[in-house]
There are 2 protein chains.
Amino acid sequence: MTENSDHTTATPVPIVISVDAMGGDQGPAAVVAGISLSAHKNPDIGFILHGQKEVLEPLVAKRRDLKGRCEIRHAPDVVSMEDKPANVLRNGRETSMWSALESVRNGEATVCVSCGNTGALMLLSVMRLRKLPGIYRPAIGVLWPSQNPQGFNIMLDGGADIRADAKDLMQYALMGVSYARNGFDLAHPRVGLLNVGTEEHKGRAELKEAYDLISANARLADFEFVGFVEGRDLPGTTCDVIVTDGFTGNVALKTGEGTAGLISDLLKEAFRYSPLSRLASLLALTSLRRLKKRIDPRRANGGVFLGLNGTVVKSHGSADAMGVSSAVKLAFQLAQTGFNEKLAARVASASMLEQDAATEDSSDGEKE
Amino acid sequence: MTENSDHTTATPVPIVISVDAMGGDQGPAAVVAGISLSAHKNPDIGFILHGQKEVLEPLVAKRRDLKGRCEIRHAPDVVSMEDKPANVLRNGRETSMWSALESVRNGEATVCVSCGNTGALMLLSVMRLRKLPGIYRPAIGVLWPSQNPQGFNIMLDGGADIRADAKDLMQYALMGVSYARNGFDLAHPRVGLLNVGTEEHKGRAELKEAYDLISANARLADFEFVGFVEGRDLPGTTCDVIVTDGFTGNVALKTGEGTAGLISDLLKEAFRYSPLSRLASLLALTSLRRLKKRIDPRRANGGVFLGLNGTVVKSHGSADAMGVSSAVKLAFQLAQTGFNEKLAARVASASMLEQDAATEDSSDGEKE
């Protein structure tokens, strides 16, 4: 598995991104439009595009920006949003998703981007790329719009695994710190552990244990541990990285999306109410656009699968060209900084520390 | 314990609400202003007000609406937001919070309203009012602004207990249904169980078990079970009552508050951006006020402690007069409909059904 990361570190410019062209709600045209947008903005990027050749060739041919920078890799099958992950693992060798991950596995590309079925992508990623040495559970790192200078906070796990014990949460902290450092150029990220109250005596037992483990790693891994944080800190400025289990993280993520959606709907209603309010909305249009841009989920598009031999960016299923392009931008940034190698190194040095501190109850870790 | 509920059912108009005047962030003046507002709007309401007599008497004397309708009960001590719940239980007999609950315990009032320390209020409520027969864990029912016709959804548990097993979740469903029926006049409330995906195969083991238990009770308790729902359904229209454990519920609640707060801040920034946008914001003022009214936390002010011998409404710590008045309105509505007796009857009939269906692993239930 190590020749993979050696190869990655040695990749010369351009950085190659492996893209699953199929499986998103908006179809391959949106994906091709998105990577074309990225290619236009960034000369140091190249693509391997996976999917049905007969569909992709005419789409790519139309885009001048992709000329000579996008190789098409034929894959006849498509993973649908309804497919069960286990079925895809058994029967999905001919799918564009499988093929896209294969390019990362064999070292042709550094990062894979897909808009497809999250569960299937996660399972295939874990089985095909394998976990990094020392990682117990991979996690999905997601971005929250916030008032922090970088504009976003990172929360993990966004839903890779519904369970997480204290050691998993400690590793999530390390992975989140690597992500913040490489994705947002934060030298000394601040990490919070999600709980129901900020007092140390509150919350579940595994959270108290995780609190101690994360504290113990803060100095070595060069981050600041702010302690327990609450749901309101997810879009807040208390910290840059918020650590939680995948069940809580997924509920929080969707609650945030739902709340933003409700407010957006109510705002539209409020402005449709009377002729005067419709006039006001015309005048307010640029202000409202400015707001929309800040919280536009397309700008924060890309859950990153962390803890694998290779980086996978899961774009929103309904991503349009701009959404795909955001995901590609994130993938490029992570590839360029050698993010995954640095993450692996962090985890390796923390494992040593953690072997002294923690109890030995891991059953599925460190197999490779 | 039963003479209490007999008394409650027989209470003639006016309905008496027991109010803890101290312990809120805005002090007793805001509480007195709030109950005065309620007294003005509603002739069928009376109050027992608990706190420092020398502080409360002049405040009440100034309010014409409270004349002859507000009895002051002296309590020299105040529970602060920083007090540990266990300490309050040991040493809090002289506090206004304790005294306010005592009026419900001895049958003088039907519902207690407090803006104070949530943890202390919950612990005192459980210990002084005791759980309803058959209830394993009391829960906090909270309101979410939503696009449903009633304007709000009910979520429980909002944070009374960080744990909840399948039987607890089933009882939360029953309590939430009673709340929706009596608080919002919904004849046939729709209930959803919060999970990370809507597919039946997903999520934690206790959620699958709870799914079956809630299903089994739907017909008898006359509600519709819509199955698993996601975080985005909390402010959505899929159901009226959302059931989850207090850890997840509390994180979701604060995430929703935080998201709404972020959007509100960004909206203000967007409108401050340029002279034109400031002009637009003036014209948009009524529209924005209309929006604010819909999502104003003061209108949805009041977590209700469910499953006790008596109803306790926990108003937001920072509630102003309008917030206190909303909490009193909710308390009145629940008292008037005989909510707690109906809830007790529902739980009793469900316990019989549930004894057939579920495994017997309850350790702390049904003590009384």
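Basis of the calculations
Residues numbered from 1 in each chain as written. Chains lettered and ligands numbered in written order. Predicted model: local features only at pLDDT ≥ 70, side-chain atom pairs only at ≥ 80, totals over all residues. Heavy atoms only, no water. UniProt positions renumbered as here; feature names shortened; annotations may be inferred. Least-squares fit on C-alpha atoms with pLDDT ≥ 70 in both. Contact = heavy atoms within 4.5 Å. pLDDT = per-residue confidence, 0-100. Pairing = 2+ DSSP bridges. Helix = DSSP H or I, 4+ residues; strand = E, 2+ residues; numbered from the N terminus. Axes fitted to C-alpha atoms, helices over the stretch in contact; angles between N-to-C directions. 1 Å grid on protein atoms, 1.4 Å probe; cavity = no way out; pocket = protein on both sides within 12 Å on 5 of 7 lines; lining within 4 Å. Points joined across faces, edges and corners; volume = space filled by probe spheres on them. Nonpolar A, V, L, I, M, F, W, Y, C, P; charged D, E, K, R; others polar.

Per an unreviewed UniProt entry, chain A is named Phosphate acyltransferase, and its organism is Roseovarius bejariae. In its Subcellular location (unreviewed entry) section, the UniProt entry covering chain A states "Cytoplasm". The heading Catalytic activity (unreviewed entry) in the UniProt record of chain A holds the text "a fatty acyl-[ACP] + phosphate = an acyl phosphate + holo-[ACP]".

## Considerations on the relation of the copies chain A and chain B
In screw terms, the move from chain A to chain B is a rotation of 180° and a rise of 0.0 Å along the axis, fitting with an RMSD of 0.0 Å. Taken together, the rotation angle and the small translation identify this as a two-fold axis. Here 100% of the interface residues in chain A have copies in chain B that are interface residues too; the copies meet face to matching face.

## Side note on the confidence of the model for chain A
All names here are of chain A. With 88% of its residues at a pLDDT of 70 or more, chain A has an overall mean of 86. Low pLDDT, under 50, characterises residues 1-11; the predicted model gives this stretch 13 contacts beyond four residues in sequence or across chains. Note on residues 358-368: pLDDT is under 50 here. Beyond four places in sequence and across chains, it has 20 contacts.

## Here's the deal with the sheet that holds strand β6 (residues 152-156) of chain B
Backbone-to-backbone hydrogen bonds join strands into a sheet, with any given pair of strands oriented parallel or antiparallel. All names here are of chain B. One open sheet accounts for 11 strands, arranged β3-β2-β1-β4-β11-β10-β5-β6-β9-β7-β8; its pairing is mixed. In this open sheet, the two strands that pair with only one neighbour each are β3 (70-74) and β8 (224-229). Strand-to-strand, the axes of this sheet are offset by a mean angle of 25°, without reference to chain direction. The sheet contacts of helix α3 (residues 53-61) involve β2 (45-51) and β3, and relative to β3 the element is tilted by about 165°. The sheet contacts of helix α9 (residues 246-272) involve β5 (139-145), β6 and β7 (190-194), and relative to β5 the element is tilted by about 30°.

## Comments concerning empty space enclosed by the protein
Residue and element names in this part refer to chain A. By the definition in use, this model includes two cavities of 30 Å³ or more. Listed by contribution, the elements that provide at least two residues to the lining of the second largest cavity are α12 (321-336) and α13 (339-357). Of the residues forming the lining of the second largest cavity, the biggest block, three residues, is contributed by α13. Across the lining of the second largest cavity, the residue classes break down as four nonpolar, five polar and one charged.

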